[in-house]
Number of protein chains: 2
Amino acid sequence: MAAQRGAARGATTAGAGSAAGASAPVVIVGGGFGGLACARRLGAAGVPTVLIDRQNYHLFVPLLYQVATAALSPADIAQPIRRILSRYPTVSVVLGEVVGVDAATKRVLLAGQAPLAYGKLILAAGSVCNYFGHDSWAEHAPCPRDLPDATLLRSRILLALEAAEASKDPRERAALLSFVVVGGGPTGVEMAGAIAELIRPALRRDFRAIDPGLARIVLVEAGSRLLAAFPEDLAEAAACGLEELGVEIRTGISVREISASGVDLADGARIDAATVVWGAGTRAAPAAAWLPGIETAAGGRLPVEPDLRLRGHDDLYVLGDLAMCLGEDGKPLPALAQVAKQQGEYLGRVLSKPLATGQAAAPFVFRNRGNAAIIGRNAAIFDFGKGRTLTGRKAWLLWALVHIYLLNGLERRFLVAAQWLVRYVTRQRGARLITARRLPAAGPPGD
Amino acid sequence: MAAQRGAARGATTAGAGSAAGASAPVVIVGGGFGGLACARRLGAAGVPTVLIDRQNYHLFVPLLYQVATAALSPADIAQPIRRILSRYPTVSVVLGEVVGVDAATKRVLLAGQAPLAYGKLILAAGSVCNYFGHDSWAEHAPCPRDLPDATLLRSRILLALEAAEASKDPRERAALLSFVVVGGGPTGVEMAGAIAELIRPALRRDFRAIDPGLARIVLVEAGSRLLAAFPEDLAEAAACGLEELGVEIRTGISVREISASGVDLADGARIDAATVVWGAGTRAAPAAAWLPGIETAAGGRLPVEPDLRLRGHDDLYVLGDLAMCLGEDGKPLPALAQVAKQQGEYLGRVLSKPLATGQAAAPFVFRNRGNAAIIGRNAAIFDFGKGRTLTGRKAWLLWALVHIYLLNGLERRFLVAAQWLVRYVTRQRGARLITARRLPAAGPPGD
């Protein structure tokens, strides 16, 4: 029904510009970087489009770790998808949960809502945390991939400090002040640095019984070094920066077990810790289940043609983290926001112009805009490819400028910039709110 | 244990300044306006003090309706109590839930934590929503008194719009676009105005199938007019302002029943509405249950002597919404932030100086700083008492300035001011996030 409405509205307002099939709109599943970029292009071209998302907001995932560590508020990095797309009259937004795709009748099936007919379908459902078969670890080691998990992590970190302040058992207190981050990729590196910057000033001034010397932050990585996707000298700079912040780095060792009380490492060592963060990997969202019999590649990604068409399907496209798309070097493109965004823009362009029958679109080409990881205040690493890199304060400044630029909306840019400036000067975190009452397992402080 | 620590630290750092008894600290229950003001005074005087709260943050309740209507984020109006009090070395903060007071042994009993000995005890537990015996209404009509309820209300309002956009049944759509606010006091007036200002611009631009003409906001008040605590001309100005915003005002009619599908009024009329907000009253927090056999006054408040001492108890004080304190005119002081704050400052002063045995403190005297209610952008009413009033844009500006001044911390003041400026200019709301998935009962949009 929403589809009919979208199409009807599109037909009225967009006139003959539509290349999306006779009457059914282009349907995009997912309002992340890729889906949104695609919807904007299609909207600007007047193509009838429906964007479906489970959430009413677009989330700026690269800054989620700052919500998990109380530097930013959820609303700073999340914006209503409707608001972003409101300027495009041919685009409508549906809050809904996709449960299947009927490729034969060209309909998207939604939970509790009427199916939605599509002319072309774009799957941009993104990725989810990957516990590599240890799904029971999720409870003990949340993974900062969405807002509820980020605020849960924030509550856990802050509750652990409260419980440590209330505890009189030195062993329990040490466990409550131990934070283990699993995974030495950008997520793990950024979380470890941000936790260190959150708790040390807080411990120094706001608590009475505990002090910063007791806190322990351990970053565990199974591979031989941090940041495998970055050049080795950058990874070393990052490791130095983290160590300056007081983070213990354990590389070359994998995790055997995660429980409510801590982490067991493969070498038999044990870290008692009330707070464990999972940053060890993601896999494609389970969109393959929507298409019975579809073939998947590594990480559950869907293999696509050079024009992002799903192999074996004519009207079905996949982009972003969900797509297994080969780069010019023959290697799969990484699951990065900039890849998704460029693919969304590409597909928006391709689907805005009618193609002659049998004609194929020029293949998608990824242009690397540089890849960054933040270590902490004043320290970041930037990799622009082809040996061009940047580290230290300059990289941090560039990162901050780029991320403010990438945020949607002047107001959000201004508010985030203002808060970063205040954090930078005061070293204080503004959003230290405990909103979830799921206490860390060791030593509940209150109820 | 925390008490011992607090006392020990106090004894070390504060030296002989303590007037709080031999060794046990002053214990304050509640980190609202009253408790916090008291802790600051005691901390500035070097008195060993422990502040207990169930939450880790002080909440600026008068702006909670702005969180419920997506104008501000939780972190804008909530600040860690530890942070606020960190500059006072003799003050410690305990995150905990009080379950009782043992006046004989002078100890506060906490859930899951060791009891806390006190020299003097100050109960500043505030107030809670009052459904006047209809507790089953709470589920259908949340009351914006704390952060979880405010964000729940925000989610409900936004989800109702989403469900209306997805609905094809005109009756269902009308119910989803109907918002009933029960109670014509400041809370009800501010909620009704803020809902109108949230949904009309959103409906005008961001949705495709529904439009502002369909939305209905009804404010129901059992009394003969709105804002009974304000002079009649101010209440009339407020009513005019609300009507200009499109709010229907129904005075002189009480609510008979609230269900998932709407509200039944006493005259037999029925309003089908997916979203109902309760703003019809508060009562004292159930702190009387901590003191077996204690006498309570109207609204569950605890009657206090002119020096805020609980009647019949020597070392026990009550302040703020929880206290039934008579003003100079012999009438009970209202449950307002400014009363609690002044009482907290008064008690902090009194307990900082040792009194000679048998000597009584000068009684508390309330100074009315003015009482305001916000109707919407550019419209507010201010009552300074003794016939001095202010309305319209000037009152709105004064209200905004006063509230920014009253916020804790330069950063928070700056961020809230910046957001208000942006809202004022753009008429857009920045924090339109659906974070709770408890859907309105009529017409679930997704899952």
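Residues numbered from 1 in each chain as written. Chains lettered and ligands numbered in written order. Predicted model: local features only at pLDDT ≥ 70, side-chain atom pairs only at ≥ 80, totals over all residues.

### Some remarks on the relation of the copies chain B and chain A
Going by this rule: A least-squares fit on C-alpha atoms brings the copies together, and the residues used are those whose pLDDT is at least 70 in both copies. Any residue pair is listed as a contact if its two C-beta atoms, each placed from the backbone, are within 7 Å.
Here chain B sits on chain A after a turn of 180° about the axis and a move of 0.0 Å along it, with an RMSD of 0.0 Å. On this basis, the relationship between the two copies can be described by a two-fold rotation axis. Taken together, the interface assignments show that 100% of the residues at the interface of chain B recur at the interface of chain A, consistent with an identical surface on both copies.

### Some details on the packing of helix α2 (residues 33–44) of chain B against helix α11 (residues 337–352) of chain B
All names here are of chain B. What counts is decided by this rule: To get an axis, fit a line to the C-alpha atoms, keeping to the stretch in contact for a helix; angles then go from 0 to 180 degrees between the N-to-C directions. Helical segments are the DSSP runs of H or I of at least four residues, strand segments are the runs of E of at least two, and each set is numbered from the N terminus. The scheme is simple: roughly parallel for angles under 35 degrees, roughly antiparallel for over 145, roughly perpendicular for 65 to 115, oblique for anything else. Crossing chirality is assigned from the near helix's rotation relative to the far helix, an anticlockwise turn below a right angle marking it left-handed and a clockwise turn marking it right-handed.
As a packed pair, α2 and α11 sit with axes 7 Å apart at the nearest point and diverge in direction by 30°. With respect to α11, the axis of α2 lies roughly parallel. Crossing of α2 against α11: the hand is right-handed. Residues Phe33, Gly34, Gly35, Leu36, Ala37, Cys38, Arg40, Arg41 and Leu42 of α2 form the contact with α11, whose participating residues are Ala337, Ala340, Lys341, Gln343, Gly344, Glu345, Leu347, Gly348, Arg349, Leu351 and Ser352.

### With respect to the interface of chain B and chain A
Accessible area lost when the parts come together is the quantity often used to give the size of an interface. Put simply, the rule is: Any residue that is not Ala, Val, Leu, Ile, Met, Phe, Trp, Tyr, Cys, Pro, Asp, Glu, Lys or Arg is counted as polar, Gly included; the first ten are nonpolar and the last four charged.
Each partner contributes to the interface: chain B provides 50 residues, whereas chain A provides 50 residues. Counting only elements with at least two residues in the side of chain B that touches chain A, the list comes to α1 (2–14), α4 (74–77), β4 (78–80), α5 (81–85), β5 (91–95), α7 (147–166) and α13 (410–426) of chain B. Per-element tally for the side of chain B that touches chain A: the top contributor is α13(B), with six residues. Here the side of chain B that touches chain A is composed, by residue class, of 24 nonpolar, 12 polar and 14 charged.

### Quick look at the environment of B:Pro74
Structurally, B:Pro74 can be placed in helix α4. As a C-alpha pair, B:Pro74 and B:Leu42 span 32 residues in sequence and 28 Å in three-dimensional space. Each residue touching B:Pro74, except ones within four places of it in the same chain, is listed here: A:Ser73, A:Leu433, B:Val67, B:Leu147 and B:Thr151.

### Re unusual backbone geometry
Most of the time, phi is negative for any residue but glycine, and the peptide bond is trans. Selection rule: Exposure classes come from backbone-placed C-beta atoms, where a residue is buried if 20 or more other C-beta atoms lie within 10 Å of its own, exposed if 12 or fewer do, and partly exposed in between.
Even without being a glycine, A:Lys386 presents a positive backbone phi close to 50°. Since 7 C-beta atoms lie within 10 Å of it, A:Lys386 is described here as exposed. Residue B:Phe132 is not a glycine yet carries a positive backbone phi of 50°. Among the structural elements, B:Phe132 can be located in the loop between β10 (127–129) and α6 (137–140).

### Some words on the pairing of strand β6 (residues 98–102) of chain A
Residues and elements named next belong to chain A. Let me state the cut-off plainly: Pairing between two strands requires that DSSP report at least two bridges joining them.
When β6 meets strand β7 (residues 107–110), the two strands line up antiparallel, connected through four bridges. By the bridge assignment, valine 101 is partnered in β7 with valine 108. Linking two consecutive strands that pair antiparallel, namely β6 and β7, is a turn of four residues; a positive phi of about 55° is found at lysine 106 within it.

### Notes on the domain arrangement of chain A
Residues and elements named next belong to chain A. Here is the rule: For the domain bounds, the source is a domain assignment made automatically or taken from a database.
When its domains are assigned, chain A resolves into domain 1 (2–129 + 283–352) and domain 2 (137–280 + 371–426). Among the elements of the structure, β3 (57–59), α3 (64–68), α4 (74–77), β4 (78–80) and β10 (127–129) are those that each provide at least two residues to the side of domain 1 that touches domain 2. If one sorts the elements of the side of domain 1 that touches domain 2 by residue count, α3 sits on top with five residues. A breakdown of the residues in the side of domain 1 that touches domain 2 according to their chemical character gives 17 nonpolar, four polar and one charged.

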